[in-house]
Amino acid sequence: MDVSTHLKPTGSIVILTGAGISKESGLDTFRCAGGIWDKVDLEDVATPEAFLRNPPLVHRFYNDRRRGLLDPAVQPNAAHAALAELERAWPGDLLLVTQNIDDLHERAGSKKLIHMHGELLKAVCLFCRTVMECRSDLSLEQACPHCGRRNGLRPDVVWFGEMPYEMERIQGELAACDLFVSIGTSGNIYPAAGFVAEARAAGALTVELNLEPSSGASQFREAIHGPATEVVPAFVKTLLALT
């Protein structure tokens with residue numbers, strides 16, 4: 001693929017990442033065979049109704065996810081590092097939008113980043129709406145350190161039926177980008193699954209980097225399939241050769 005015919009060094013890039021980029025760091029994906037949703041019903045742990053119905057179960061599910069993320073064996077991989085390098089070296093605008101609730105992009109050095117589905121290492125108080133760092137287990141009995149009320153702390157993650165974060169900003173960036181890259185996503189979950197159509201409508205070059213074709217693969221102009229730790233660094237190298 002010759003991106004040089006479609007992208008100038010001052011071009012604007014929007015990158016979407018999904019669970020596939022973190023799988024090679026040791027984190028389970030949600031929708032692949034044997035993934036998290038094969039082991040637990042999302043209706044039991046990933047909706048506002050589930051939290052109202054059985055908050056201890058929801059807390060236990062996310063406490064397990066949080067402990068897994070904080071395992072010293074879980075570290076950013078070559079794909080995370082390549083995207084951080086691209087951010088540092090690309091002369092034009094670049095925004096990284098991730099569906100992932102892990103912090104591996106940050107640990108790799110990415111700063112121009114939106115967590116559209118929230119962050120596992122943060123909690124939010126339902127009473128005062130304060131968002132705070134959270135690196136240990138949550139429970140109903142804990143009091144909010146800001147307002148002092150109990151029974152209100154929940155993971156700061158976007159559940160099914162809730163609006164993803166910063167959608168207005170994301171859509172504005174998609175409408176202005178020259179290149180849209182989707183990495184490690186299933187193409188099943190909206191609104192993220194619709195980003196490629198928004199970018200195409202704006203005239204952007206659209207590229208999918210994925211282990212295998214996603215559900216929306218036909219909407220991309222170009223596709224490169226293989227492990228994220230291989231295809232992402234190679235693609236970044238191609239982009240940086242333009243600068």
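Analysis parameters
Residues numbered from 1 in each chain as written. Predicted model: local features only at pLDDT ≥ 70, side-chain atom pairs only at ≥ 80, totals over all residues. Heavy atoms only, no water. Buried < 20%, exposed > 50% of the residue type's maximum accessible area, 1.4 Å probe, protein only. Helix = DSSP H or I, 4+ residues; strand = E, 2+ residues; numbered from the N terminus. Pairing = 2+ DSSP bridges. Right-handed = clockwise from strand over helix to strand, strands pointing away. Expected span 1.5 Å × (residues − 1). Arc of directions from axis to C-beta. Contact = heavy atoms within 4.5 Å. Phe/Tyr/Trp six-rings, centres within 6.5 Å; stacked < 30°, edge-to-face > 60°. Lys NZ or Arg CZ within 6 Å of the ring centre and 35° of its normal. Axes fitted to C-alpha atoms, helices over the stretch in contact; angles between N-to-C directions.

**Q** Please explain the pairing of strand β8 (residues 205-210) as it appears in this structure.
**A** Note on strand geometry: in a regular strand, side chains alternate between the two faces of the sheet. Along β8, six of the six residues are buried, which leaves the element largely enclosed by surrounding structure. Here strand β7 (residues 179-183) runs beside β8; their pairing, made up of five bridges, is parallel. Within β8, the residue paired with Ser 182 across the bridge is Glu 208. In this view, the connection linking β7 to its parallel neighbour β8 by way of helix α9 (residues 195-201) has right-handed handedness. Alignment of β8 against strand β9 (residues 222-225), held across four bridges, turns out to be parallel. Across the sheet, the residue bridging to Glu 208 is Ala 223, located in β9.

**Q** Can you walk me through helix α10 (residues 228-240) in this structure?
**A** Quick reminder: α-helices carry 3.6 residues per turn. Residues three or four places apart thus point the same way. Compared with the 18 Å implied by 1.5 Å per residue over 13 residues, the 18 Å span of α10 between its first and last C-alpha is a close match. For α10, the complete set of buried residues consists of Ala 228, Val 231, Val 232, Phe 235, Val 236, Leu 239 and Leu 240. Projected onto a plane normal to the axis of α10, the buried residues spread over an arc of 165° and lie on a single side. Exposed side chains of α10 directed beyond 90 degrees from the buried face belong to Glu 230 and Lys 237. Its buried side turned inward, α10 meets β1 (13-17), α1 (19-23), α6 (78-89), β7, β8 and β9.

**Q** Any chance you could explain the packing of aromatic side chains here in plain terms?
**A** The geometry of an aromatic ring pair is captured by the separation of the ring centres together with the interplanar angle, meaning the angle of the planes. Under the criterion given, the structure shown has four aromatic pairs. With a centroid separation of 5.5 Å and 40° between ring planes, the pair formed by Phe 51 and Trp 159 is classed as tilted. Taken as a pair, Phe 51 in helix α4 (residues 48-53) and Trp 159 in the loop between β6 (153-157) and α8 (167-176) lie far apart in primary sequence, 108 residues in all. Like Phe 51, the residue Trp 159 is buried in the burial classification. Following the ring pairs from residue to residue traces out a cluster consisting of Phe 51, Phe 61, Tyr 62 and Trp 159. Positioned over the ring face of Phe 61 is Arg 65, at 4.7 Å from the centre of the ring. We note Arg 154 situated over the ring of Trp 159; from NZ or CZ to the ring centre the distance is 3.6 Å.

**Q** I'm lost on the sheet that holds β7 in this one. Help?
**A** Sheets are built from strands that pair by backbone hydrogen bonding, the pairs being arranged parallel or antiparallel. Ordered by their spatial adjacency, six strands build an open sheet running β3-β2-β1-β7-β8-β9, and the pairing between neighbours is parallel. Only two strands of the sheet have a single partner each, and these edge strands are β3 (113-115) and β9. On average, each strand axis in the sheet is inclined to that of its neighbour by 15°, with strand direction left out of account. The pairing of β1 with strand β2 (residues 94-98) spans five bridges and is parallel. Counted as the bridge partner of Thr 17 is Thr 98 from β2.

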